[in-house]
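# Structural overview for review
The chain contents come next:
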Amino acid sequence: MTQINGELCADHLPFILNDDNTKLLAHISKANPLWKKFKNADDVMVIFQGPHHYISPNWYPSKQEHHKEVPTWNYAVVQVQGSMELNDDPEWLLSFLNNLTDKHENDQEIPWKVSDAPDDYIAQQLKAIAGIEVTINTIDAKWKMGQNKPAKDIKGAVSGLSEIDTNNAAGVAELMNKHTD
């Protein structure tokens, strides 16, 4: 999330953490309006959203006892605030892309490497992108997984979530289940 000329802008980008855990790194197409409007050192917020899901009060055994329960939304999220700079140095970009590709290709039977593509093609592609470096100022992790509820209600919510066939329901159930007393 950036704010440029008073306008909020959200770009969905894959970030990785640098080796000393001080910067988030990404890249963006120069066709993206962010590239044209952005000024180095602008403040940004990068949001990493984990699983999230609606929690029905009907899943809580406590509701059957006293009826004093309401719906809620459980979630896990990390918000990183920092200052962003663009980097179009071809050596930096190539190093970044090698690291990003290696990270995501690691579990492939035959991992693809940037060097698998012709050098002139990669050089052309590098001219069309810019690197992003976000120097981390603050990290705010927020976690709402029913930790204010008794174990029986957490177990009831986990049971209710297990009846829903979505990745978010399964993710929330897994996180809630891991932290039940």
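Provided above is the structure to which this section pertains.
As the structure is a prediction and not an experimental result, all values here were calculated from the model. (Residues numbered from 1 in each chain as written. Predicted model: local features only at pLDDT ≥ 70, side-chain atom pairs only at ≥ 80, totals over all residues. Heavy atoms only, no water.)

### As for the overall build of the chain
From N to C terminus, the chain includes six helices and seven strands. Starting at the N terminus and ending at the C terminus, the chain contains elements arranged as β-β-β-β-α-β-α-β-α-α-β-α-α. On C-alpha atoms alone, the chain measures out to a radius of gyration of 21 Å, which is more than a quarter above the 16 Å that the 2.2 N^0.38 rule sets for 181 residues. In terms of its C-alpha atoms, the chain occupies a principal-axis envelope of roughly 70 × 45 × 30 Å. Long-range contacts, defined as pairs at least 24 residues apart, comprise 76% of the intrachain contacts of the chain with a sequence gap of at least 6. When the accessible surface of the chain is totalled, it reaches about 11400 Å², and 50% of it is carbon and sulfur. Of note, the chain has its 16 positive side-chain charges centred 10 Å away from the centre of its 26 negative side-chain charges. (Helix = DSSP H or I, 4+ residues; strand = E, 2+ residues; numbered from the N terminus. Rg over C-alpha atoms; globule rule 2.2 N^0.38 Å. Contact = heavy atoms within 4.5 Å. Areas by Shrake-Rupley, 256 points an atom, 1.4 Å probe, with all protein chains shown as cover. Lys, Arg positive; Asp, Glu negative; His and termini not counted. Charge placed at Lys NZ, Arg CZ, Asp CG, Glu CD.)

### A word on the nonpolar core
The biggest cluster of nonpolar side chains holds 16 residues, and the ones touching the most others in it are Phe15, Leu24, Met84, Ile132 and Val134. Those elements giving two or more residues to this core turn out to be β4 (23–29), β5 (42–55), β6 (72–87) and β7 (129–144). Setting aside residues up to four positions removed in sequence, Ile132 forms contacts with Leu13, Phe15, Leu24, Leu25, Ala26, His27, Ile28, Met84, Glu85, Leu86 and Trp92. (Core = buried A, V, L, I, M, F, W, Y, C linked by side-chain atoms within 4.5 Å. Buried < 20%, exposed > 50% of the residue type's maximum accessible area, 1.4 Å probe, protein only.)

### What about the packing of aromatic side chains?
Per the stated rule, a full pass over the model turns up one aromatic pair. With 5.5 Å between their ring centres and 10 degrees between their planes, Trp92 and Phe96 make a pair best called stacked. On the criterion of helical spacing, the pair formed by Trp92 and Phe96 is a turn pair, its members being four residues apart in helix α3 (residues 90–105). Relative accessible area serves as the criterion here: at 19%, Trp92 is assigned to the buried category. Classification of Phe96 as buried rests on a relative accessible area of 3%. (Phe/Tyr/Trp six-rings, centres within 6.5 Å; stacked < 30°, edge-to-face > 60°.)

### Structural notes on unusual backbone geometry
The residue Asn21 is not glycine, and still its phi comes out positive at about 60 degrees. The residue Asn21 is located in the loop between β3 (16–17) and β4 in this model. Despite not being glycine, His67 shows a phi value in the positive range, around 60 degrees. For His67, the location among the structural elements is in the loop between α2 (61–66) and β6. For His67, a relative accessible area of 56% puts it in the exposed group.

### Points about a nonpolar patch on the surface
A cluster of nonpolar side chains, namely Met1, Leu8 and Ile47, defines an oily patch on the protein surface of about 290 Å² accessible area. Looking at the secondary structure, you find Met1 in the segment before β1 (2–4). (Patch = residues over 30% accessible without salt bridge, like charges linked within 9 Å, V, L, I, M, F, W, Y side chains within 5 Å. Salt bridge = Lys/Arg side-chain N within 4 Å of Asp/Glu carboxyl O.)

### Observations concerning the side chain of Asn18
With respect to the helices and strands, the residue Asn18 is situated in the loop between β3 and β4. A polar atom in the side chain of Asn18 sits 2.7 Å from the side chain of Asp20. Among residues more than four places away in sequence, those in contact with Asn18 are Lys23 and Leu25. (Polar contact = N/O pair within 3.5 Å; in protein donor to acceptor, adjacent residues only side chain to side chain.)

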